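Here are the chains, one letter per residue:
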Amino acid sequence: MECPFCKPPREQLLYEDGLVRILLDAYPANRGHLLVVPRRHVERWEDLSGEEKMGLIRGMELAMEVLRETLKPDAFNVGMNLGREAGQTVPHLHLHVIPRWEGDCSHPRGGVRKAVLDLEDENLSMRERWERNRLSGKEAEMLRATFNRKL
């Protein structure tokens, strides 16, 4: 299987530089859910160079800045699933940047800690929710244009 982050579809790619890509998540947990991905195919954190680690942090900051400017979220969840046992489904390291709004779920308490609970995530329980959370082409273009202005 070809890695979806090494050659992402054009419609998912919002930004790239020499170290990272920023992509729309194909199965968004919330509207505007982005992935910051090293350009080099790397599966484990310890295999990243120091420069790539700093690139991921800069990419996270840029993703949050652009999301604040375009979608105006109230908060963010940011995290990584490092390894299959931690829930990583694509074996290419990536950082999730998930915008959050007041009232977007019934029980936000616990945030990323819920990842280790044996509970179904209310934002990912149905394919219809993934579809609802996907940005329109116009919204994705707004994000892409904002990223391009940041260059």
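Notes on the structure in this doc start here. (Residues numbered from 1 in each chain as written. Predicted model: local features only at pLDDT ≥ 70, side-chain atom pairs only at ≥ 80, totals over all residues. Heavy atoms only, no water.)

In this section: helix α3 (residues 137-149). In this model α3 runs 18 Å from its N-terminal to its C-terminal C-alpha over 13 residues, within 8% of the 18 Å that 1.5 Å per residue would give. Buried within α3 are the following residues: Ala140, Leu143, Arg144, Thr146 and Phe147. With its buried residues spanning 160° around the axis, α3 presents them on a single face. Away from the buried face of α3 by more than 90 degrees, exposed residues Gly137, Lys138 and Arg149 are located. Next to the buried residues of α3 lie β1 (13-16), β2 (20-24), β3 (34-38) and α1 (50-70). (Helix = DSSP H or I, 4+ residues; strand = E, 2+ residues; numbered from the N terminus. Expected span 1.5 Å × (residues − 1). Buried < 20%, exposed > 50% of the residue type's maximum accessible area, 1.4 Å probe, protein only. Arc of directions from axis to C-beta. Contact = heavy atoms within 4.5 Å.)

This brings us to the sheet that holds β2. In space, the 5 strands of this open sheet follow the order β1-β2-β3-β5-β4, with antiparallel pairing throughout. Edge positions in the sheet fall to β1 and β4 (75-79), since each has one partner strand and no second. Mean inter-strand twist for the sheet, computed between neighbouring axes without regard to direction, equals 20°. Bridging between β2 and β3 involves 5 bridges; their strand directions are antiparallel. Its bridge partner being in β3, Ile22 is matched across the sheet by Val36. Most of the contacts of α1 go to β3, to which it runs at about 155°, and overall it touches β1, β2, β3, β4 and β5 (95-100). In the packing of α3 onto the sheet, contacts are made with β1, β2 and β3, and the angle to β1 comes to roughly 10°. (Pairing = 2+ DSSP bridges. Axes fitted to C-alpha atoms, helices over the stretch in contact; angles between N-to-C directions.)

That is the geometry; function is a separate question.
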